[in-house]
Each structure stands twice: as C-alpha cells, then as structure tokens.
Amino acid sequence: MTTPLLAGMKRSTLWTGTVIDCDVHANVPSIETLFDYMDPVWVQGTQERGWHGPTGPRLSYPPGAATTARDEWRHDGLMPASKLSMLQNDILDPWQVDRAVLNCYYGIDSLRHPDWAAALASAVNNWIIAEWLDKDPRLVASLVIPARDPIAAAAEIDRVGSHPGFVQVMLPVRSERLYGQRIFNPIYEAATRNDLVIGLHWGGTTEDAPSPTGYASWYAEQYAAETQVYIAQLTSMVFEGTFQKFPALRVAVMEGGFSWVPTWGWSMNKKWKGLRRETPWVDRLPLEIIRDHVRFSVAPADLGSPEHSQRIIEWLGSEDLLMFATDYPHRHDDDIDELLAIIPATMKPKLMSETARAWYKL
Amino acid sequence: MTITDLSAAPVATGSKLGVIDVDFHPMPLPTDPQVADHLPQQWKEYISRYGLGAMGGGVYPSQREFTHRLDAVDDNGRVGLDPHLAVEQVLAPFDMTAAVLTCPQTYIITNGGANMPHKLATSLYRAYNNALAETWCAADDRFRASVTVARDLPGGEREIQRCKEGKFGDKFVQVLMSPSGQDPLGKRRYWPIFEACENYDIPLSFHVPGMGRQPTGAGRQNFYAETHAAFGVLPLALVPSLIFEGVFDRFPKLKIAMLEMGWDWVAPYSWRLDATWEKLRHELPHLQRKPSEYLKEHFWFSTQPLEEPERPDMLEGVFGMFEDSGFADRLMFSSDYPHWDYDSPYESVPESFPEDRRRRILGENASKLYGIPLRENSGLPSPTGE
Amino acid sequence: MNEATASVKKPQKFVVARAEEIPPGSRLIVDVGGREVGIFNIKGSYYGMLNRCPHVGGPLSQGQLVNSVTATVPGKITLDESQDLLTCPWHNWEFDIKTGQSYWDPKHMRARPFTVNVEAGTDVAEQVDGGSVGRIKGPYQAETIEVSIESDYVVLSMRPQRPGTAAKPGACAPPPTATTEMKVEVRP
Ligand code: FES
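> Any chance you could explain the overall build of chain B here in plain terms?
A count of helical and extended segments in chain B gives 15 helices and ten strands. Computed over the C-alpha atoms, the radius of gyration of chain B is 20 Å, within 12% of the 21 Å expected from 2.2 N^0.38 for a compact globule of 386 residues. Overall, the C-alpha framework of chain B stretches about 60 × 55 × 40 Å when taken along its three principal axes. When burial is assessed residue by residue, chain B has 68% of its 386 residues classed as buried.

Next up, the structure:
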C-alpha cells in the first residue's frame, strides 16, 4: 500500500498527532493563468512571440511520468495539482493537515531573459498569494525567484517576502554555478532579512548536462542520479562558508531524499580534518554544520530493509533532521508507516510536525 | 551463467592473510624519461614548446604539490617515480602479493584528452601504459598494470588490444577510464571498450577525479577540499547510466571496479535505484532485473579512503550493511599510495575485524577479480594461523 | 616491578646535539630508547614532538611547519605567525608545536610534546656525570655525543609534559617491521 493515498486507512490509525506536510505542489496550468498577475509588457511579449511558458517544468517533470503525478491524482485531464480544490480533496482534508508548505516549480530559471524571468517570478508569486494562500489558511508557501540573477532575486524576495504566507525561497537544485559561491550572497542576505528558509528543491537549469557525465538518455537515469546535485550544492554551501556568513540561514532539502546524508557527511568531516586550512572559516565538523542548518523532507524516503533504514536514521545523529511530506502530486511509494515504525517514539512528533513547525516558524 | 562465479581462480590458503593493493599510483610526468622515452619526437618537441594545459598548479591548488604523503618524496624531491622506493615503503613492509597500478594522471594531464591534438593525446596514453609495464612491472614482479584509455577519443579498444597482446600482456589486469566524460557511460560510443574488456576478461575500472566535463551537475567547485568531499557524486552519475541503458544485458560478463570512489554509499543508493525503477518502469521495458541486482553482480569497490563514521562503533554497522546487501565479496583493499590520504592494510581492515572479513578484503576478493593467485605464505600474520 | 626498582634513576633528560647543530629552521629526529622524537628549532626556540601522530601513527615529526590560519567569515583569512603548527605528513592534521593539541579537535586529540632546552656545557657535563642526563645516539650520528664545556647543548626532557592521545588502539597499528625499520630523515 502507499500511504500518501491513505487507501482504505484512516489517517488516525497512522498517526494521531498533528501533521505538517512540508512539500505539496501547486502547478501553473498555463501561462495564460498568470496574465492577470503579470505586467502587461510581458503579457504582450508572451502573446506576440507565441511562447507557451518555460520549459523547466516539462523537463524536470515529464508530463506523463509517474513521478510527476500519481494516476489517482490526475483529475479529468487537467494538469495535476493545478487547483486548490484538488490539493484540498487529495491531501489537506484527508490528512487533516495543520499546515502545508506549498511549492510551485515553474522553471523560472529556464527563461534566460533577465527582465522577463524576474517578471515571471513576480507573476507566479502574485498568483500563489491570490489563488492559494489567500484561500486556505492551512497553506504557507515558497516564493520563487529568478535564481540566475541574485540581485533581481533579492529584490523579489524583498517585494513579497514579508507576506505572512511566504515562509521559504525556492532554489531549484540544478544551476549553472554552485550555490555556495559568493555571487549568490544577495539571495541569502534577503532570505535571512525576511526570516525565510531556503528551499533546495528538485528542478533547475535544464540546458547544461545534469551530471558530471553529460546528457542522460533516460529520465529514470537522470532521476536516480539527481542525488549528486543535491550533494554538490550542500557541499558547496558548507565549504564556501555560507553558514558562517549567514549564521541564521536555514535550508530545507526537498525531493532529494536523506539516506545519503550520513556517509556523505562523514566524507566531508574526514576531508575537513586534513584540508581545513584551505577554507579556514569552516570552524567545525561539516556534518555538525549540516545538522544546525539543514532539514530534509522524507519524500522520497528511498528506504531499504527496516534494519538498514533504522541504521541510517541512527547515523543522522539527530532526531531533528527529517520532516514529513507527501510531495503531492508526485508519486513515491515509500510508506510513511514503515518510517514511523523504525524511528524512536520521541522522534515521531518531530517528524510529523514539530521540526517543520520550528524550521518554518509556523 | 553469472559472472559472480569466479570460484575457479586460485586462492592460496595458509597462515597468512594475503594482501593485494588495488590502487597504487605511479606519478611520472610526460617529461620524465620513463614516459618521454615512449613518446614520438614530434610530440616531445610539441610538449616542450606548447606545454600541456592541465599540468602544474590547477584551479584549486591541493594541499601539497603532488597531493602526496610527505614521506613518499624521493631523493630528487619527486613522488611516485621510483618503483623501488614504492616497494620499500609499501609492498615489502606489508608483504603484499601484488599491487595494481593505476595512473589517473594520464587523464588529469590531458584533461580527458579532448583539448589537444588527437595524436598527442593517444601517444601520451600509450606512453604511460608503456611506462607502467616497462618501468614498473619490469622492476618488480608484484606490480600489475592498468591500460588507461582516453574515454572520449576513438581507439581505446585498439590500445587495450595492443597492451594485452604485447610483451607485458599478462601484466595488464584491467582497463582504466575517467569516471566522467563527454557522455554518460552507457552510451553506444563506449561499447567497443566494454567489448574489449569482455574479450580479454578484465575489469573496467574508474578512479577519481573525473575529467572531461564539469565535476558536478551544477558547475565547478572552488576548493580542493570541496571536490574531495564530493567525490561521491561521480559514481552516483555513473552507475545509473550503465544500469538503465541495459549495458549489462548486452555485456553480461562486464565487471566494473570503482576505485577511490567510496563504498558506504552503495547500499542506500541501491534502494534509490530500485525505487526509481519501480516508479519509472514504464520507461525502462528493456531492463530485465532490478537495478540493485545488476549492481551486486557487476560492481567491485576499493577501501581507500577508509570510511570514518562519527563514532568508531558505527564502523561495524557500515561494513555489516554492505555485506548483508550482498557485497561481501566486492570490497578490495587499496592504499592509494603515495597520496596524502593513503591507508595501510591495518587501517582499512582493522585487526579487530573477523578474520574471514579481513582475508576477503585484504586479498581474496581482488585475487578472484583480477585472477592474481595469492602468494603462499605472504601477507599479514593471521591471528589464528600457526 | 616494585616501587624501588621502578624509581631507579634512568635519566629523563638527554643531550641531543650541540646547539649549533640544530640551527633555526631545522630539525633533528632522535631515537630515545626506541622512541623517536623530533627536535625543532623555530626562530631560536626549541620544541620536541613524538614522531608518532595520534591519528593513526604517521611519522608526525617529518611534517610541515606552518602557522595558524583562521577566518571568522569567508573573505577574511588571517595568518597568525605567533602560532606554530606541525602538520602530519600523512593526513595533514595540524598540531600545536607547543602543546600537541590537535587544531580540529583540541579537547580530545593531542600529539605528544616534549620540553627541549639549551643548556651550557658546564652544567650539562655535570649532570651527565651525575647520571641525571643521558647521552644518546642520534640516528645520523655515528657516536655518542661528547659533552664539552665550551659549547651549549640541546637537552630533551622525556618527562611527560602532558599526556598525548594514544593512536586508536588496534585499528591502525602499523606493522612491526615498519616501525623498527622506519627511516628517519632530517629535513632542514
Ligand atoms: S596519521 Fe597523522 S593525520 Fe593521520
């Protein structure tokens, strides 16, 4: 069985406590949807050029793939997760969520025109406020930014970041440059200024090869290998000293899994002990920095046998790192009851709500 | 038949734990006689006039000039040049059966071989392969060599043939390529290499760093420590391409040795591969089995750098998970001599481990993979042997 | 062994070299009853360090001498030339030459430092005669050092200044042959 569907199961048999879902999605059904929220110059620009919107979403989430939307969550031929009612009926109501963090991946960074990309980000943020945040008090959201242009991104964060519904800035995990590099500091300055989490999320620039070895043939290949990009981004942030520069910075990793965290963390620790002099601002063990500044969603969980998965949880070295998510409408077959069965009792409420509540200050 | 059936390879039993080191680095430069003597005059002159772009310094200087351990410096201030010093520092003290020489320097210096005249690149790879055979293997019969091929230049299979059918043919026990390149490994352009490996029944190995394209899926790193800490990203990109492209259904005898790319990530990553396949099977009708099964059957790993969990008592769990997941006969001792993060056989495989595990990792697994019989009565003392 | 025999005067201080044999910027590795110790002259001050790294036993005294490098935030790197560190020739861990403290783990990880002094030949000769100072063969000196009253001598005290951290037990012991035959080099 797959728990996100709660098929034949009451939510209360799974978990009686509070639920915060740290990753649910809103999909922009079409570029036209955004026209009401966009500066007319770009409405005309779009129409005049016959442009159908950014390519990012279709490349990061191929329309027919199961990982893009579970069959049960494809309604009447409409784009999955494109209406509030879908999210309410499929997740918010049956799961009785207290709060859910809404993420809209619209591939802003797959549009290269700097002004147009900034306008597109603003339109998406305006749409999220009007169509989602204002209509369901259970929702909080990530704001989107033109990530290729950190100055413009910071301006957009300052424009809407004070809206009480925005709790996070979405940073798509694939980029042309690694996010720890100083050129991105304006984004972190603006995020911490507005007390927002940085959400490292699936997706991102789609022109460059997605891995160190060039362009994959199959989507599955790229999908499985995406872990390496998450690792590269977080390693960059650690060694560049992003967290020393911005001690208040909080990062959430979504759709990246977590089973790789301990062994990668050990490897960083080991190298740091001997190579510390190169980046002397890294003043303590890298895995400790990760524990202080990063949280991970559990969709996907990519679990192994209960015994082995339990070992991974133990090696995380903290009960505070994982946050429950359904990742609606994406399909993952991990059963949250399996995860609940292998974690210590004290960790359960943290996983299901408390960690996300603290991280997003809900 | 499955290729895991390697039981025919002779493994000496005895009172010693035989040791084979599967990652041992000669580090000559193209200007050193051991390499230069094998270069056509034309290219020697070319190198002295135009240099080699990737030589010297680098964009993130490592902590030491040759990323070496300081005590491996020879009388001339060089590292990895003298086979006798290497024997004296590693092979002799640990009484090894063999050391498999790997020379990633070849692709580091040529930046994968793509940014120089084609003939220069292939001449350089050839010269390095000759140096391993004629300088190193000739100096001590415990050395074995890798045929390094330029991943993205045509003709790799011919270089494999030249080495395997030459005078030192038996000394070449594997093929070595950069873990990254212009294309993912499963693509057709690499099939002739796979075919040659199958033909000569030798493993195809990969060793950090990856040369040829950006080192991550999101651009280049700024620090040596950062690249080192993220070496684990390389196999995560390499493995799914080989598996999902169906390479192992086409080349069922192909064996892959992953050197200096860690191994503690393998079990958790196999869960992700299987989960990916479950969700996206529709795209992969050509795949005959679960990804983790290909991983178990076709991949080998080396110990160095030793995994260092946060608490020493976690180490048993790390080894246990790897072994329980079907990889007990897939881990091979490697020292990475003469690099700074060198491990001795006592560090990689502590004496506190069960003898059976020590025996497998120190020598048996490599003996079977490379077909190198363990020498009678050589190796580390066995606690139970008389 | 009873108290009485245990306290029989084995010298705890050893004449290592004539002062001018270890000029500033140089080092000498000596063998004291099977224990190798690096003697360093840094700008006229002498330091001693056991030639065994507390990590996994690397020949620490053959490492590089460097200064402390710190940064509170990225972009502001400073070199503190008053703090001398010895980095291990293997995994490059940094150790304070004075205290033996590991830079990354000052609380739990220590190399083993020893006190080294320069003493006048007259004093040294007296102590040698009295048996409280021993003379040793340096690995590169064919003969036992002769003490003459005209020179100054470098005297190494083997009394524990502070206990060092033992290398991880069992896990990483180098093989016996490597220890006994380990080549010791003097690197100026
Ligand atoms: S042995 Fe000295 S740092 Fe590892």
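> Please explain the nonpolar core as it appears in this structure.
Buried together is how nonpolar side chains tend to be arranged in soluble globular proteins. Residues and elements named next belong to chain A. One finds F258 and F296 to be the most contacted residues of the largest nonpolar core, which totals 258 residues. Here the element with the most residues in this core is helix α5 (residues 114–133); it accounts for twelve residues. When sequence neighbours within four positions are dropped, the list of residues in contact with F296 reads L234, V253, G257, F258, W260, V261, I290, L321, L322 and M323.

> Even after reading the chapter, I still don't get the pattern of salt bridges, so can you show me in this structure?
Pairing between side chains of opposite charge can happen when the charged atoms of each approach one another. Enumeration over the complete set of coordinates arrives at 46 salt bridges over all chains. The residue A:D283 makes a salt bridge to A:R284 at a minimum N-O spacing of 3.4 Å. The closest approach of N and O atoms between B:R357 and B:E323, which form a salt bridge, is 2.7 Å. Of this pair, B:R357 sits in helix α15 (residues 355–370) while B:E323 is found in helix α13 (residues 315–327), placing the two residues 34 residues apart along the sequence. Among the charged side chains, a network of salt bridges with common partners joins B:E316, B:E323, B:D356, B:R357 and B:R360.

> It is not clear to me how helix α9 (residues 233–244) of chain B should be interpreted in this structure. Could you clarify?
Side chains three or four residues apart in an α-helix point the same way, a direct result of the helix having 3.6 residues per turn. Residue and element names in this part refer to chain B. Along its twelve residues, α9 runs 18 Å from first to last C-alpha, staying within 8% of the 16 Å computed at 1.5 Å per residue. Among the twelve residues that make up α9, twelve are buried, leaving the element largely enclosed by the rest of the structure. Turning to α9, its buried residues number three or more, namely V233, L234, P235, L236, A237, L238, V239, P240, S241, L242, I243 and F244. Trailing α9 by a residue or two, G246 shows a phi angle of about 80°, which is positive.

> How do you make sense of the interface of chain A and chain C when you look at a structure like this?
Accessible area lost upon the coming together of the parts is a frequently used measure of interface size. On the side of chain C, 18 residues touch chain A, which itself brings 13 residues to the contact. For the pairing of chain A and chain C, the buried interface totals around 1300 Å² over both sides, and the portion due to carbon and sulfur atoms is 62%. Here chain A is connected to chain C by two salt bridges. Between A:R277 and C:E94 there is a salt bridge; the shortest N-O distance is 3.1 Å.

> Hey, could you run me through the interface of chain B and chain A in this one?
Counting residues at the interface gives 67 residues for chain B, matched by 69 residues for chain A. Across the chain B/chain A interface, buried area totals approximately 5500 Å², and carbon plus sulfur atoms make up 60% of it. Per-residue buried area on chain B facing chain A is highest for B:W271, B:R272 and B:K279; these three make up 15% of the total on that side. As a salt-bridge pair, A:R291 and B:E310 come within 2.3 Å of each other at their nearest N and O atoms. Of all the secondary structure elements, the ones that give two or more residues to the side of chain B that touches chain A are α8 (224–229), α9, α11 (266–280) and α13 of chain B. Per element, the largest residue contribution to the side of chain B that touches chain A is ten residues, and it comes from α11(B). Looking at side-chain class alone, the side of chain B that touches chain A contains 32 nonpolar, 17 polar and 18 charged residues.

> What am I meant to see in the confidence of the model for chain B here?
Low pLDDT marks stretches whose predicted atomic positions should not be read closely. Mean pLDDT over chain B stands at 91; residues scoring 70 or higher make up 95%. Note on residues 4–10 of chain B: pLDDT under 50 across the span, and ten contacts to partners over four residues away in sequence or across chains.

> Please clarify how the packing of aromatic side chains should be interpreted in this entry.
Any pair of aromatic rings gets described here by the distance separating the centres and the angle formed by the planes. All names here are of chain B. Per the counting criterion, the structure on display carries 36 aromatic pairs over all chains. Following the ring pairs from residue to residue traces out a cluster consisting of W263, W265, Y269, F301, F319, F322, F327 and F353. The ring of Y190 carries R151 above its face, with NZ or CZ at 4.9 Å from the centroid. The side chain of R357 reaches across the aromatic face of F353, ending 4.6 Å from its centre.

> Can you help me understand the environment of C:V16 in this one?
Assignment of secondary structure puts C:V16 in strand β1 (residues 13–18). Residue C:V16 is classed as buried on the basis of its relative accessible area, which comes to 0%.

> Where do I start with the pairing of strand β2 (residues 27–32) of chain C in this structure?
Residues in a regular strand point their side chains to alternate faces of the sheet. All names here are of chain C. Extensive coverage of β2 is indicated by the burial of five of its six residues. Judged from the six bridges that link them, β2 and strand β3 (residues 35–42) form a sheet pairing that is antiparallel. Residue pairing across strands places R27 opposite F40, the latter belonging to β3. Between β2 and β3, which pair antiparallel in sequence order, lie two residues; one of them, G33, sits at a positive phi of approximately 55°.

> I would appreciate a short explanation of unusual backbone geometry in the present structure.
Most peptide bonds take the trans configuration, and most residues that are not glycine carry a negative phi. All names here are of chain B. With an omega of 0°, the peptide bond running from V208 to P209 counts as cis. One can find P209 in the loop between β6 (204–207) and α8. A cis amide bond links Y337 with the next residue in sequence, P338, at an omega value of 0°. Counting through the fold element by element, P338 comes out in the loop between β9 (331–332) and α14 (345–348).

> It is not clear to me how the sheet that holds strand β6 (residues 77–87) of chain C should be interpreted in this structure. Could you clarify?
Two strands in a sheet stick together by hydrogen bonds in their backbones, pointing the same way (parallel) or opposite ways (antiparallel). All names here are of chain C. Taken together, three strands build an open sheet; the order of strands is β5-β6-β7 and the sheet is antiparallel. With one partner strand each, in any of the chains shown, β5 (64–71) and β7 (94–96) form the two edges of the open sheet. For this sheet the average axis-to-axis angle between neighbouring strands, irrespective of direction, equals 60°. Relative to β7, β6 is paired through three bridges, and the arrangement is antiparallel. Within β7, the position partnered with L86 by the bridge is F95.

> Which parts of the structure should I look at to understand the environment of A:W281?
All names here are of chain A. Note on placement: W281 falls in the loop between α11 (261–275) and α12 (286–293). Overall, W281 belongs to the buried group, its relative accessible area being 2%. At a separation of 3.3 Å, a polar atom in the side chain of W281 contacts the main-chain carbonyl oxygen of E240.

> Would you take a moment to explain the pairing of β6(C) for this structure?
Residue and element names in this part refer to chain C. Relative to β6, β5 runs antiparallel, the two sharing eight bridges. What sits directly across from T70, in β6, is T78. As consecutive antiparallel partners, β6 and β7 are separated by six residues, and within that stretch N92 has a phi angle of approximately 70°, a positive value.

> Can you walk me through the packing of helix α9 (residues 227–240) of chain A against α9(B) in this structure?
Any two packed helices are characterised by the angle at which their axes cross and by the distance between the axes. Put simply, α9(A) and α9(B) touch, their axes get as near as 8 Å, and they point 170° apart. As summarised for this structure, α9(A) and α9(B) are arranged roughly antiparallel, according to the angle between their axes. You can see that α9(A) and α9(B) cross each other, and the crossing is left-handed. Between α9(A) and α9(B), the contacting residues are A:T227, A:Q228, A:I231 and A:A232 on the first element and B:V233, B:L236 and B:A237 on the second. Residue classes in the contact of α9(A) with α9(B) are distributed as five nonpolar, two polar and no charged.

> Please explain the side chain of B:S205 as it appears in this structure.
Mapped onto the elements, B:S205 comes out in strand β6. Setting aside its immediate chain neighbours within four residues, B:S205 contacts B:Q174, B:V175, B:L176, B:M177, B:A257 and B:L259.

> What is the right way to look at the sheet that holds strand β5 (residues 172–177) of chain B in this model?
Residue and element names in this part refer to chain B. Strand order in the open sheet formed by eight strands is β2-β3-β4-β5-β6-β7-β8-β9, and the pairing between neighbours is parallel. For this open sheet the edge positions go to β2 (20–24) and β9, each flanked by a neighbour on one side alone. Relative to strand β8 (residues 299–302), strand β7 (residues 256–259) runs parallel, the two being bridged by three bridges. Bridged to I256 within β8 is F299. Most of the contacts of α9 go to β7, to which it runs at about 175°, and overall it touches β6, β7 and β8.

> It is not clear to me how the packing of helix α2 (residues 40–49) of chain A against α5(A) should be interpreted in this structure. Could you clarify?
Residue and element names in this part refer to chain A. Between α2 and α5, whose axes approach to 11 Å, the crossing angle comes to 115°. With respect to α5, the axis of α2 lies roughly perpendicular. Relative to α5, the crossing made by α2 is left-handed. Every residue of α5 that contacts α2 at W42, G45, T46 and R49 is listed here: D115, W116 and A119. Taken together, the residues of the contact of α2 with α5 break down into three nonpolar, two polar and two charged.

Rules behind the numbers
- Residues numbered from 1 in each chain as written.
- Chains lettered and ligands numbered in written order.
- Predicted model: local features only at pLDDT ≥ 70, side-chain atom pairs only at ≥ 80, totals over all residues.
- Heavy atoms only, no water.
- Helix = DSSP H or I, 4+ residues; strand = E, 2+ residues; numbered from the N terminus.
- Rg over C-alpha atoms; globule rule 2.2 N^0.38 Å.
- Buried < 20%, exposed > 50% of the residue type's maximum accessible area, 1.4 Å probe, protein only.
- Core = buried A, V, L, I, M, F, W, Y, C linked by side-chain atoms within 4.5 Å.
- Contact = heavy atoms within 4.5 Å.
- Salt bridge = Lys/Arg side-chain N within 4 Å of Asp/Glu carboxyl O.
- Expected span 1.5 Å × (residues − 1).
- Buried area = accessible area lost by both parts, 1.4 Å probe.
- Nonpolar A, V, L, I, M, F, W, Y, C, P; charged D, E, K, R; others polar.
- pLDDT = per-residue confidence, 0-100.
- Phe/Tyr/Trp six-rings, centres within 6.5 Å; stacked < 30°, edge-to-face > 60°.
- Lys NZ or Arg CZ within 6 Å of the ring centre and 35° of its normal.
- Pairing = 2+ DSSP bridges.
- Axes fitted to C-alpha atoms, helices over the stretch in contact; angles between N-to-C directions.
- Polar contact = N/O pair within 3.5 Å; in protein donor to acceptor, adjacent residues only side chain to side chain.
- Parallel < 35°, antiparallel > 145°, perpendicular 65-115°, else oblique.
- Left-handed = near helix turned anticlockwise from the far one by under 90°.

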